[in-house]
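Listed below are the residues making up each chain.
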Amino acid sequence: MAAAAGDKVDYVFKVVLIGDSAVGKSQILARFARNEFSLDSKATIGVEFQTRTLVIQHKSVKAQIWDTAGQERYRAVTSAYYRGALGAMLVYDITKRQSFDHIPRWLEELRSHADKNLVIMLIGNKSDLEDQRSVSTEDAKEFAQKEGLFFLETSAMQATNVDSAFITVLTEVFQIVNKKTLVSESQPDGNGPTLSGKKIIVPGPAQEIPKSKTCCSSS
Ligand SMILES: Nc1nc2c(ncn2[C@@H]2O[C@H](COP(=O)(O)OP(=O)(O)OP(=O)(O)O)[C@@H](O)[C@H]2O)c(=O)[nH]1
């Protein structure tokens, strides 16, 4: 799946991480981007992003994953954070019921700022702490189904399902973006027949971005 360094990048997809403080957003990102994990993780202040390039259906896809503070007082952004995002990871901690109970609020914030075609994955993190579980897999699955979200339980600590979660979202985004390209190629005036039968509009500035570095801070 990993693309070799120096390869050209066909797509850049922005994915945002959200959820309560201490659910493990930064460690999920560290696991995905660098295959690292730290037990002594500091609360995020402001915003940061990291990238990892993967090959999806023979195309090189750079995932640009944005992480922000779960704690209100450290959150510098809302609209700017969500702008241009094509995917979102909505994270709770399976041992903290409250972090799951807050998910509808996060979902509302997400839906009010991001595009309606956003691909969303609900993630129950810390699946390694089974003996402290306070959110059942069934409850979360049911919620995800009702809201039309993907769902996986992960452990950033044990590297369980972290890659799968990102690959699922990125592959879905890839398919939506490609469908959009097909549609726009087949009906340049917007009136012709469509190949897919359904027009899908994908948000934001260019999903295809050349190699150059984009804005902001990166860690
Ligand atoms: N056991 C276990 N601990 C984890 C896991 N993922 C993260 N943690 C720990 O949970 C704590 C919080 O992790 P962070 O990644 O900093 O949480 P966050 O959601 O980024 O927090 P904010 O930056 O405040 O929003 C740290 O002590 C991590 O080491 C996991 O999968 N299993």
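Residues numbered from 1 in each chain as written. Predicted model: local features only at pLDDT ≥ 70, side-chain atom pairs only at ≥ 80, totals over all residues. Heavy atoms only, no water.

K.L.:
So what exactly am I meant to see when it comes to the side chain of R31 here?
P.N.:
Mapped onto the secondary structure, R31 falls in helix α1 (residues 25-34). Buried charged residue R31 carries no salt bridge. Nearest counter-charge: D163, at 7.6 Å. At 2.9 Å, the side chain of R31 and the side chain of N35 are in polar contact. Residues contacting R31, with those up to four places away along its chain left out, are E36, F37, A156, M157, A159 and V162. (Helix = DSSP H or I, 4+ residues; strand = E, 2+ residues; numbered from the N terminus. Buried < 20%, exposed > 50% of the residue type's maximum accessible area, 1.4 Å probe, protein only. Lys, Arg positive; Asp, Glu negative; His and termini not counted. Salt bridge = Lys/Arg side-chain N within 4 Å of Asp/Glu carboxyl O. Polar contact = N/O pair within 3.5 Å; in protein donor to acceptor, adjacent residues only side chain to side chain. Contact = heavy atoms within 4.5 Å.)

K.L.:
Looking at this model, I keep getting lost on the pairing of strand β1 (residues 11-18). Mind explaining?
P.N.:
Each regular strand carries side chains that alternate between the two faces of the sheet. By the criterion of burial, β1 is predominantly enclosed, with eight of the eight residues buried. Residues Y11, F13, V15 and L17 point to one face of β1 and V12, K14, V16 and I18 to the other, with burial holding for every one of them. Inspection of the sheet shows β1 paired to strand β3 (residues 59-68) by seven bridges, in the parallel sense. Paired with V15 across the bridge in β3 is I65. Bridge analysis of β1 against strand β4 (residues 87-93) gives four bridges, and the strand direction is parallel. Note that in β4 the partner of I18 across the bridge is L90. (Pairing = 2+ DSSP bridges.)

K.L.:
Help me out: how do you make sense of the side chain of T68 in this one?
P.N.:
Here T68 shows up in strand β3. Engagement of the side chain of T68 in a polar contact is seen with the backbone oxygen of G46, the distance being 2.9 Å.

K.L.:
Help me out: how do you make sense of unusual backbone geometry in this one?
P.N.:
Excluding glycine, a negative phi dihedral is what most residues carry, and trans is how most peptide bonds are arranged. Positive phi, normally seen in glycine, also occurs at N35, with a value near 55 degrees. By the secondary structure assignment, N35 is in the loop between α1 and β2 (47-56). What makes N35 exposed here is its relative accessible area of 55%.

K.L.:
How should α1 be read in this particular structure?
P.N.:
Along an α-helix, residues three or four positions apart point the same way, because every turn accommodates 3.6 residues. For α1, the buried fraction is high: nine of the 10 residues fall into the buried class. N35 sits one or two residues past α1 and shows a positive phi near 55 degrees.

K.L.:
How should I be thinking about the site of the ligand in this particular structure?
P.N.:
In the vicinity of the ligand, 25 residues are found, and the nearest of them are S21, L39, S41, T44 and G70. Note that an oxygen atom of the ligand is positioned 3.3 Å from one of the backbone N or O atoms of V23. Here an oxygen atom of the ligand and a backbone polar atom of L39 are 2.7 Å apart. Contact with the protein chains removes 92% of the 660 Å² of surface that the ligand exposes when unbound. Here the element with the most residues in the shell around the ligand is α1; it accounts for three residues. (Near = heavy atom within 4 Å. Areas by Shrake-Rupley, 256 points an atom, 1.4 Å probe, with all protein chains shown as cover.)

K.L.:
In this structure, what is going on with the sheet that holds β2? I would like to understand it.
P.N.:
Note on sheets: strands pair through backbone hydrogen bonds, and any given pair is parallel or antiparallel. Taken in spatial order, the six strands make up an open sheet running β2-β3-β1-β4-β5-β6, and their pairing is mixed. Of all the strands in the sheet, just β2 and β6 (150-153) have a single pairing partner and so form its edges. Shown here is a sheet whose adjacent strand axes are inclined to one another by a mean of 25 degrees, direction ignored. Here four bridges tie strand β5 (residues 119-125) to β6, and the two strands are oriented parallel to one another. Residue L122 lies in a different strand from β6, and its bridge partner there is F151. (Axes fitted to C-alpha atoms, helices over the stretch in contact; angles between N-to-C directions.)

K.L.:
Please explain the confidence of the model for the chain as it appears in this structure.
P.N.:
Note that predicted coordinates carrying low pLDDT should not be read in detail. The pLDDT averaged across the chain works out to 83; a share of 77% of its residues lies at or above 70. Every residue in residues 190-219 scores below 50 in pLDDT, and together they form 57 contacts with partners more than four places removed in sequence or on other chains. (pLDDT = per-residue confidence, 0-100.)

K.L.:
For this particular structure, what's the right way to read the nonpolar core?
P.N.:
One broad trend across soluble globular proteins is that nonpolar side chains are buried collectively. M89 and L122 are the most contacted members of the largest nonpolar core, which has 56 residues in total. Take this core: its biggest share by element is nine residues, from helix α6 (residues 162-186). Apart from residues lying up to four places away in sequence, L122 is in contact with L90, Y92, F100, I103, A140, F143, A144, L149, F150, F151 and L152. (Core = buried A, V, L, I, M, F, W, Y, C linked by side-chain atoms within 4.5 Å.)

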